[in-house]
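Below, each chain spelled out in residue letters.
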Amino acid sequence: MTFHRGRRLRRTATLRGLVRETTLSRDDLIQPYFVVDTDDPNFVKPIGAMPGQSQLGLGKLVERVGRAVDLGLAACILFGIPKTKDPTGSQGWAENGIVQRAVAALKRSYPDLCVITDVCLCEYTSHGHCGLVSGDEVLNDPTLELLAKVALSHARAGADMVAPSDMMDGRVLAIREALDHEGFPHLPIMSYAVKYASGFYGPFREAAESPPQFGDRKTYQMDPANRREAFREALADLDEGADLLMVKPALPYLDILRDLRETTDVPLAAYQVSGEYAMIKAAAANGWIDEQTVVLETLTSIKRAGADLILTYFAENVLGWQK
């Protein structure tokens with residue numbers, strides 16, 4: 001009697017490695033960092049809901065990124081926390097803003113590092129929303145010009161890629177036109193194309209000091225129940241000039257990631273967000289799971305579903321484990 005014996009190829013670690021279908025490499029991982037505009041370059045403030053992550057002054061950012069680069073970090077994404085906020089988020093496009101200075105400092109120190117910048121207003125506005133507001137309404141079209149100004153300021157500072165996360169309709173086109181007009185046609189846009197109004201963002205609000213002061217973001221971020229809408233959002237951003245597309249969060253939306261992988265041929269990113277990170281850290285701290293095993297399993301599942309790039313707060317850890 002002959003039957004399939006799948007265990008033949010699982011017998012040793014070497015055999016398992018030879019037939020492994022999905023692997024993680026350093027080039028798959030993007031580490032997010034939170035940089036604070038402060039007079040103390042050595043400022044470090046641990047983020048309570050995200051053990052192991054901190055808000056960093058500019059000097060500490062360069063130092064920490066340097067350690068990660070030594071481990072093999074290829075790319076990072078920056079989120080800025082300004083000294084002051086106002087209704088328009090004007091520090092977001094200030095020439096001497098914290099992200100602009102951080103980009104310049106990182107490119108001076110680590111010229112081969114791919115420095116990506118988050119393009120949004122929520123960290124910079126006094127009301128915490130991702131666009132201009134009138135009463136309790138978030139205004140779409142008037143916000144586009146400001147987002148383009150933010151992206152352009154990042155490009156002038158030396159960013160290698162910009163990543164609009166605001167979910168305003170038409171923002172990719174506005175950014176693409178501004179970059180092209182000002183001499184940056186080479187700069188790629190990684191669009192947060194499929195970004196759901198998720199409960200998994202909670203710890204990030206502490207990290208970036210960006211909770212909305214009224215209402216929520218459900219009028220511009222996607223309904224978690226919707227699948228077909230993801231295609232419309234993704235295709236619209238591609239038509240407007242996006243070079244890469246992102247799905248956010250990652251694990252709760254692996255079906256969406258797989259859908260996009262099967263229907264588009266552009267590079268796809270997925271963001272393993274703060275809530276996903278916090279749950280793993282909390283369970284590991286309680287001894288309920290083995291952190292390294294679960295981190296690698298979840299990241300592998302994200303890549304298996306179709307991601308070419310993974311934004312994850314575990315990137316530094318994975319690089320250390322791979323060493």
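What you see as residue numbers is a count from 1 along each chain, following the sequence as written. Local features are withheld for residues below a pLDDT of 70 in this predicted model, meaning they are given only at 70 or higher, and side-chain atom pairs are given and counted only at 80 or more; totals for whole chains, interfaces and linings count all residues. As a rule here, side-chain values come from all non-hydrogen atoms in the structure, and water together with hydrogens is ignored.

1. Quick look at helix H7 (residues 228-240)
Since the α-helix packs 3.6 residues into each turn, any two residues three or four apart lie on the same face. The line we're drawing: Here a strand is any run of E in DSSP of at least two residues, a helix any run of H or I of at least four, and the numbering for each starts at the N terminus. In a helix, the anticipated span is given by 1.5 Å times the number of residues less one. Categorising residues by exposure relies on relative accessible area from a 1.4 Å probe, with only protein chains included: less than 20% of the type maximum marks a residue as buried, more than 50% marks it as exposed, and the intermediate range marks it as partly exposed. Directions drawn from the helix axis to the C-beta atoms are what define this arc. Contacts are assigned to residue pairs that have any heavy atoms within 4.5 Å of one another.
Its 13 residues place the ends of H7 19 Å apart at the C-alpha level, agreeing with the 18 Å of an ideal helix rising 1.5 Å per residue. Among the residues of H7, those classed as buried are Ala230, Glu233, Ala234, Asp237 and Glu240. One side of H7 carries all its buried residues, which in axial view fall inside an arc of 130°. Exposed residues lying more than 90 degrees from the buried face of H7 are Arg228, Arg232 and Asp239. Looking at the buried positions of H7, the neighbouring elements they touch are helix H5 (171-181), strand S9 (190-195), strand S10 (244-248) and helix H8 (254-263). Just past H7, the residue Gly241 takes up positive phi, approximately 120°.

2. Section: the pattern of salt bridges
How we decide: A side-chain nitrogen of Lys or Arg and a carboxyl oxygen of Asp or Glu constitute a salt bridge if their distance falls within 4 Å.
If you walk through the whole model with that rule in mind, you get 15 salt bridges. With a shortest N-O distance of 3.4 Å, Lys60 and Glu63 are connected by a salt bridge. A residue pair is termed a helical-turn pair when its members lie 3 or 4 positions apart in one helix, as Lys60 and Glu63 do in helix H2 (residues 58-71) at three residues. Judged by relative accessible area, Lys60 falls into the partly exposed class, the value being 23%. Note that Asp180 and Arg176 form a salt bridge whose closest N and O atoms lie 3.0 Å from each other. Highlighted residues: Asp180 and Arg176, both in helix H5, separated by four residues, approximately one helical turn.

3. Description of the layout of surface pockets
Applied cut-off: Here a cavity denotes a set of grid points, spaced 1 Å apart and computed over the protein atoms alone, in which a 1.4 Å probe fits but from which it cannot get out, and a pocket denotes an open set meeting protein on both sides within 12 Å along at least five of seven lines; residues with an atom within 4 Å of a point are reported as lining. Grid points are joined across faces, edges and corners, and a volume is the space filled by probe spheres set on the points. The residue classification treats Ala, Val, Leu, Ile, Met, Phe, Trp, Tyr, Cys and Pro as nonpolar and Asp, Glu, Lys and Arg as charged. All others, Gly included, are polar.
Each pocket or cavity is described by its volume, and for the largest pocket that value is around 180 Å³. Taken together, 13 residues make up the lining of the largest pocket; nearest its centre are Met167, Asp169, Thr219, Tyr220 and Gln221. Per-class residue counts for the lining of the largest pocket are five nonpolar, three polar and five charged.

4. Describing the nonpolar core
What counts, and what does not: Think of a nonpolar core as a cluster: buried Ala, Val, Leu, Ile, Met, Phe, Trp, Tyr and Cys residues, connected wherever their side-chain atoms sit within 4.5 Å.
Grouped together as the largest cluster of nonpolar side chains are 82 residues, with contacts concentrated most on Phe34, Leu179, Met190 and Val194. The element that contributes the greatest number of residues to this core is helix H4 (residues 141-157), accounting for seven residues. Among all residues touching Met190, those that are not within four sequence positions of it are Ile116, Met161, Val162, Ala163, Pro164, Leu244, Met246, Ala269 and Leu311. Counting residues in each nonpolar core, the second largest holds 22 residues, with Leu61, Ile98, Val103 and Ala159 among its members.

5. Some words on empty space enclosed by the protein
Evaluation of the coordinates by the stated rule reveals one cavity of 30 Å³ or more. Taken as a whole, the largest cavity encloses approximately 120 Å³ of empty space. Forming the boundary of the largest cavity are 15 residues, of which Cys122, Lys195, Phe204, Arg217 and Lys248 lie nearest the centre. Elements represented by at least two residues in the lining of the largest cavity include exactly S9 and helix H6 (202-208). When grouped by side-chain class, the residues that make up the lining of the largest cavity number seven nonpolar, three polar and five charged.

6. Some thoughts on a nonpolar patch on the surface
Keep this limit in mind: By definition, no residue in a patch forms a salt bridge, and every one has over 30% relative accessible area; like charges are joined within 9 Å, nonpolar side chains (Val, Leu, Ile, Met, Phe, Trp, Tyr) within 5 Å. The protein chains shown are the only cover counted for residues, whose accessible areas, like all others here, come from Shrake-Rupley with a 1.4 Å probe.
Together, Leu9, Leu18 and Val19 give the surface a local cluster of nonpolar side chains, amounting to about 300 Å² of exposed area. Looking at the secondary structure, you find Val19 in the loop between helix H1 (13-18) and strand S1 (29-36). A relative accessible area of 41% means that Val19 is categorised as partly exposed.

7. Details of the packing of aromatic side chains
Where we set the bar: Aromatic rings from Phe, Tyr and Trp, with only the six-membered ring used for Trp, were paired whenever their centres fell within 6.5 Å, and each pair was classed as stacked if the ring planes differed by under 30 degrees, edge-to-face if by over 60, and tilted otherwise. For a lysine, the NZ atom is tested; for an arginine, the CZ atom; a charge sits over a ring if that atom is within 6 Å of the ring centre and within 35 degrees of the ring normal.
One pass over the structure, following the stated rule, counts nine aromatic pairs. Within the aromatic cluster, the residues linked to one another by ring pairs are Phe34, Phe79, Tyr192, Phe204, Tyr271, Tyr277, Tyr313 and Phe314. When the ring centre of Tyr201 is taken as reference, the NZ or CZ atom of Lys248 above it lies at 4.9 Å. Above the plane of the ring of Phe204 lies Lys248, whose end atom (NZ or CZ) is 5.5 Å from the centre.

8. Points about H2
Under the 1.5 Å per step criterion, the end-to-end length of H2 is 20 Å for 14 residues, consistent within 8% with the ideal 20 Å. Buried within H2 we find Leu61, Val62, Arg64, Val65, Gly66 and Ala68. Of the surrounding secondary structure, the elements contacted by the buried residues of H2 are S1, strand S3 (54-56), strand S4 (75-81), helix H3 (98-109) and helix H11 (315-322). Where H2 ends, the next residue or the one after it, Gly72, has phi of about 115°, a positive value.

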